[in-house]
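Spelled out from the first residue to the last, the chains are:
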Amino acid sequence: MIKTVDLKKTFVGRGQTVYAVDGVTSHIKPAEVVVIIGPSGSGKSTYLRCLNGLETFTSGHIMIDGVDLANKKTDLNLVRREVGMVFQQFNLFPHKTVLENIILAQQVVRKRKRDEAEKKARQLLKKVGIAEKENEYPIRLSGGQQQRVAIARALAMDPKIMLFDEPTSALDPEMVGEVLEVMKQLAREGMTMVVVTHEMGFAREVADRVLFMDQGKLVEEGTPEHFFTAPREERAKAFLKQVL
Amino acid sequence: MKSRKQIWLWHLLTVFILLLLGAGLWVATKKIDYTWRWNRVPQYFAYVDETLVPAPFDARVASLQRSGGSTAVKLTGENGEEKTFEVDNDSLKVSENEELFQGDYLGSVSSWRLGPLSVGLWNTLWISAVSSVIGLIIGLITGLCRVSNNPTLRNLSVAYIELIRGTPLLVQLFIFYFFLGTVLDISRILAGISALAIFAGAYVAEIIRAGIQSIPKGQMEAARSLGMSVPQAMTHIILPQAFKRTLPPLAGQFISLIKDSSLVSVIAITDLTKSGREVITSTFATFEIWFVVAFLYLLLTSVLSQVISWVERRLAISD
Ligand SMILES: Nc1ncnc2c1ncn2[C@@H]1O[C@H](COP(=O)(O)OP(=O)(O)O)[C@@H](O)[C@H]1O
Ligand SMILES: [Mg+2]
C-alpha cells in the first residue's frame, strides 16, 4: 500500500544541512497498523509528512497505491484525499463549527451534496462519541474532543490510509485514553494506519509492526513483541530504557 | 457605590476641562473681533432655488388655473399657438387676458437644491468608497502575491508596496494627474480615484500579508492534508480567518483613506474640502466652514468605525 525506497529529506539552512530522513526503505501493507517510535528530532514527523506530500523529499521514491509521489505529473491533491492525517495540535478550523469542519472538505474536494456530507459527518461524530457537540466551535471543546473531531474530519474523506503524528502528545493525561480508544477501533475495522506516538501501551496492543527511527535512519523494525522484549540495536535498547 | 460616585466626578472634570477649552477659544476669537455667522452655514447644505419663467412668445393670458400651491398659466399666441406653464401662486405676476411680450415673466418656480457642502460631502463619500473597494481588491491580490512562492510575483509586489509607501500621497496625486492623466488621457476624477486606490492598496497588501502570516501553519497543512488545493485552502480556511484578524487595521486604513481623500482637492476635484474652500471665498465665514467641514469628516469616519465594530462583533462568535 505504501512503499518507500531509500527516502531522503534534507533541510538546508543557516549553512548547515540536516538529514531529517536519511534513507528509509519500508513497505506498509493494507490494513496494517505501523507504529513509529524514536527520540525527538529523529525525523518521524518529517517521514510522515513526506508520505502525504506535505513535505517534498530530496531523493528516493514513495509509492502510494502504485502512484509515485516523486513523479512530477502526480497530482498531490488527488493523493492527499486518499491519505488522512491527524496532527499533534489538532489543527481544527477555528472559524467553523464542529459539523462544518467535517463537511467543508467533503463539499470542496469530494464535491458531495450538503445533506450527504452532513449525514456522513453526523455518522462519524457519533462514531467518535461527540454527536452532541456538532454546533459548537472548536475552542469550546476539550483537547480530547478536538482531536476526536480531527479524526472524524480526516475519516470523512474516506481515506485509504490514516497518518497520526503524535495525536495524544498535546493532551492532558486524562484525555489520552478517549483518543486512543477511537484509534484502536479504527485499527480493528481494518484501516491502514501509520502512527507516530510515545504511547508504548498502544504500540504493544495495536501495532502489527514497530519501526524505530533515530537520526533520520530506520534503525530497527519488527513485531511489538520482538521490539519490546528483545531489540537487537543498542540505540533501540537505550531508547526503550528511557521510555519504559 | 463610592467608587461609582468617584468615576462620575472624573467625568465631570472631563466636561469641565472641555468647557474651559471652549471658553478659551471663544475669548481668543473675541480678541480678534471675529463675527460668527453660523446662520449662513445651513444654506450651503440646501437652499431654495427660484427660476423665473418667461413667456416664450408674444401672447395673451388665456386662463389661470389654481391647484394647490401652483398655478397653471395658459398662453395663447398671435398665431393661435397654445402653451401652459406652472408657476408658484405667490410669485404669479400676470392676470387673466393680460397681453404679454416675449420674455415677460409669468412668475417663478422654486425648488430645493443641494448646496456645495452636501455635494462635496457626497463626492468625498463616493470617491472614498470606490477607492476603498478598488484598494481592497488591489491589496488582496498584492498581499497574496507577496506571500506566494513565485519570486517574480513576490518581487513585483514588494516593488509596488515600497514605491507607494515611500512617497507622499500628494506627490502621487500630482503624478497621476499631470503625468498619467496626460499620457493616458484620463479624467481628473479617474486620476484621483486611481491614485487613492493604489495608495490604499499598498497598505492593505501589507495588512493582508501580516494577516495571512499570522494564521498558524497547521491550518494550511490541515486543509492540504484533506486534499484541498492552495486556492481552495486560501478561500475557505486562511482568508476568512485572516480577514477577521485584519478587520481592525483595515478599518483604520479606510478611515485614513476618507481623510486622505481631502488631498484630491489639489487636482480640482470638488470634494468636501474643496467645496469648503469655495464656500469660504463667497461667505468669508472661514472659521465656521472649516469647523463644519471637520465635523462632516468626523461624521463619516465615526459612522464607518461603528459599522466595522458591528461586523467585528458578528464575527466574534467563534472566539
Ligand atoms: N522545516 C524544517 N526546516 C529545517 N529543519 C527541519 C524542519 N523540519 C524538521 N527539521 C529538522 O529535521 C529533523 C527531524 O525533525 P522531525 O521530523 O520533526 O523529528 P521528530 O518528529 O522525530 O521529532 C530535526 O533535526 C528538525 O530540526
Ligand atoms: Mg514530531
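Residues numbered from 1 in each chain as written. Chains lettered and ligands numbered in written order. Predicted model: local features only at pLDDT ≥ 70, side-chain atom pairs only at ≥ 80, totals over all residues. Heavy atoms only, no water.

S.K.: Help me understand the overall build of chain B in this model?
M.R.: Counting its secondary structure elements, chain B contains 9 helices and 6 strands. With respect to the three principal axes, the spread of C-alpha positions in chain B is 90 × 60 × 40 Å. Across the 319 residues that make up chain B, the buried fraction comes to 39%. Counting only carbon and sulfur atoms, one obtains 65% of the accessible surface of chain B, whose full area is about 18400 Å². Averaging the positions of the 27 positive and the 24 negative side-chain charges in chain B gives two centres separated by 21 Å. (Helix = DSSP H or I, 4+ residues; strand = E, 2+ residues; numbered from the N terminus. Buried < 20%, exposed > 50% of the residue type's maximum accessible area, 1.4 Å probe, protein only. Areas by Shrake-Rupley, 256 points an atom, 1.4 Å probe, with all protein chains shown as cover. Lys, Arg positive; Asp, Glu negative; His and termini not counted. Charge placed at Lys NZ, Arg CZ, Asp CG, Glu CD.)

S.K.: Can you walk me through the domain arrangement of chain B in this structure?
M.R.: Interface extent is often summarised as the accessible area lost during association of the parts. Domain annotation for chain B reports domain 1 (48–113) and domain 2 (116–265 + 284–312). Computed over C-alpha atoms only, the centres of domain 1 of chain B and domain 2 of chain B are separated by 54 Å. (Domains from an automatic or database assignment.)

S.K.: Before we go on, may I ask you to explain the sheet that holds strand β1 (residues 2–13) of chain A in this structure?
M.R.: Sheets are built from strands that pair by backbone hydrogen bonding, the pairs being arranged parallel or antiparallel. All names here are of chain A. In space, the 4 strands of this open sheet follow the order β2-β1-β4-β5, with antiparallel pairing throughout. Taken across any chain shown, the strands that pair with only one partner, and hence form the sheet edges, are β2 (16–28) and β5 (67–68). Pairing of strand β4 (residues 59–64) with β5 involves 2 bridges; the strand directions are antiparallel. In the strand pairing of β5, M63 is matched with D68. Against the sheet, helix α1 (residues 44–51) makes contact with β1, β2 and β4, and its axis sits at roughly 120° relative to β1, the strand it touches most. (Pairing = 2+ DSSP bridges. Contact = heavy atoms within 4.5 Å. Axes fitted to C-alpha atoms, helices over the stretch in contact; angles between N-to-C directions.)

S.K.: What should I look at first to understand helix α4 (residues 114–127) of chain A in this one?
M.R.: Residue pairs spaced three or four apart in an α-helix point in one direction, given the helix's 3.6 residues per turn. Along its 14 residues, α4(A) runs 20 Å from first to last C-alpha, staying within 8% of the 20 Å computed at 1.5 Å per residue. Just beyond α4(A), the residue with positive phi is A:G129, at close to 80°. (Expected span 1.5 Å × (residues − 1).)

S.K.: What am I meant to see in the pattern of salt bridges here?
M.R.: Close approach of charged atoms allows side chains with opposite charge to pair. Residues and elements named next belong to chain A. Under the defined criterion, the tally for this structure stands at 25 salt bridges over all chains. Salt-bridge contacts for E118 lead to R122; the nearest nitrogen and oxygen are separated by 3.3 Å. One end of the pair, E118, and the other, R122, are both in helix α4, 4 residues apart, so they sit about a helical turn from each other. What makes R122 partly exposed here is its relative accessible area of 36%. Among the salt bridges present, the one from R235 reaches D214, with a minimum N-O distance of 3.4 Å. One end of the pair, R235, is in helix α9 (residues 234–243); the other, D214, is in strand β9 (residues 209–214), and 21 residues separate them in sequence. Residue class for R235 comes out partly exposed when judged on its relative accessible area of 38%. Given a relative accessible area of 12%, D214 falls into the buried group. One network of salt bridges, with partners in common, ties together D65, E82, R110 and K160. (Salt bridge = Lys/Arg side-chain N within 4 Å of Asp/Glu carboxyl O.)

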